[in-house]
Amino acid sequence: MSSLPVYSREALQADPPYLHPPYASTRLRSPREPLVIVPHTLSELSGPAFGHSDVRPEDADLTAHGQGQPIGERIIVHGRLLDEKGRAIPNSLVEVWQANSTGRYRHARDQHDAPLDPNFFGAGRCLTDAEGRYQFTTIRPGAYPWGNHPNAWRPAHIHFSLFGPCFLTRLVTQMYFPGDPLFPFDPIFHSVPDAKARERMIARFDLQATRPEWALGFRFDIVLRGPEETPMEHGR
Amino acid sequence: MSVTPSQTVGPYFQIGLIHERWSSLAGNGERITIEGSVLDAEGVPVTDAMIEIWQPDNKAFGRFATDPSTGRFAFETSRPVSMGPDAAAHLCVGVFARGLLKRLYTRIYFDPTAINGNDPILSLVPYARRPTLVAVSTGDRRYRFDIRFAGEGETVFLEC
Ligand SMILES: [Fe+2]
């Protein structure tokens, strides 16, 4: 059997801590005991392979599931799923969910006094292609208030869920929009301690991906942990 | 290149992430049920958590939310088997929730004697805390496994 891939732990530095007191919900939900740092066994180095299961092309178009067009600014969100070495992660499940253009989620617990859109459900998914590319068509989500502190508003965002090749590459994150005036006030965005790392959660406006007369484009590349290069890779 | 940082799943993950097809884990062999609660630092049930189960011995995957009123969960899978001479049979568990800025990782073991064995992960855990990683048999192929974020009986969480 070939040797197991080797993942460094350096990437973990980019993540927020569990306890980030400005985000109130972390106070009772973060472990007090130190984590036990474990070696990477086959269990962490394997993971679900979804292949082409039941993902349909229309699942990547969040505007196509109602009787008519949803209200709001139509956008294209696309990018590549890569690892730390810049290698494409092909055929990997990407899942997204988001508020509608008014900042309201289609969810029983969302009590924000903003209208639901009968033509917008807010969920999408796709598989990355051979070059790690993904693309969604959707509506630009609105900012929304939340109860974290007085006059708290989340910057507009799209939730992203990524798998990559194994258990330890799993990532759930949020994609933000460039130039959002709410960034300085958002404790979730600022839970990421490093400013450069925070920037990696912000999509950039992409004129190339903008479809004339139809939708603005945004580019969001996502980088997951990746294995060190193996001697075999050097040799080819 | 540098990795994209983690952010919380927030309270509305059901919209995009919860599908009936992942509510139990595929697999042949003896079917077992694991049930429990997710609890916060004060022991209050977490009614908006998401749990993912990765079963490495048969490559099964499951994902479900805790009950929105009780914080309880239950899922079915095939009894895991050991994958190596020292490795004790286990499931890998990822927990996500509002208030969790990144996934919590823990494991569910099934053999109560594993805490005295040579499992490469379990043997790194302080002895007194190892039982938090072992599901309690409640008979009839049923097990109980609670996930406590912090406080009394805090679950051991792992960093990989
Ligand atoms: Fe959100």
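Named according to an unreviewed UniProt entry, chain B is Protocatechuate 3,4-dioxygenase alpha subunit originating from Povalibacter uvarum.

You'll find chain A entered in an unreviewed UniProt entry as Protocatechuate 3,4-dioxygenase beta subunit, with Povalibacter uvarum given as the organism. Among the UniProt annotations of chain A, the heading Sequence similarities (unreviewed entry) holds the following wording: "Belongs to the intradiol ring-cleavage dioxygenase family."

1. Let's talk about the pairing of strand S5 (residues 90–97) of chain B
All names here are of chain B. Across the 8 residues of S5, 8 count as buried, placing the element largely inside the fold. Sheet analysis places strand S2 (residues 49–55) next to S5, joined by 6 bridges and oriented antiparallel. Across the sheet, isoleucine 53 pairs through a bridge with valine 93, a residue of S5. With 6 bridges connecting them, S5 and strand S6 (residues 104–109) associate as antiparallel partners. In the strand pairing of S6, cysteine 92 is matched with arginine 107. In this structure, the hairpin formed by S5 and S6 is closed by a connection of 6 residues, where glycine 99 is found at a positive phi of approximately 90°.

2. Some thoughts on the sheet that holds strand S3 (residues 93–98) of chain A
All names here are of chain A. The strand order across the open sheet built from 4 strands is S4-S3-S8-S9, with neighbouring strands paired in antiparallel fashion. Because the sheet does not close on itself, it has two edges, and the strands there are strand S4 (123–127) and strand S9 (171–176). Put simply, the sheet's adjacent strands are angled 20° from each other on average, direction ignored. As paired elements, S3 and S4 share 5 bridges and run antiparallel to each other.

Conventions used here
Residues numbered from 1 in each chain as written. Chains lettered and ligands numbered in written order. Predicted model: local features only at pLDDT ≥ 70, side-chain atom pairs only at ≥ 80, totals over all residues. Heavy atoms only, no water. UniProt positions renumbered as here; feature names shortened; annotations may be inferred. Buried < 20%, exposed > 50% of the residue type's maximum accessible area, 1.4 Å probe, protein only. Helix = DSSP H or I, 4+ residues; strand = E, 2+ residues; numbered from the N terminus. Pairing = 2+ DSSP bridges. Axes fitted to C-alpha atoms, helices over the stretch in contact; angles between N-to-C directions.

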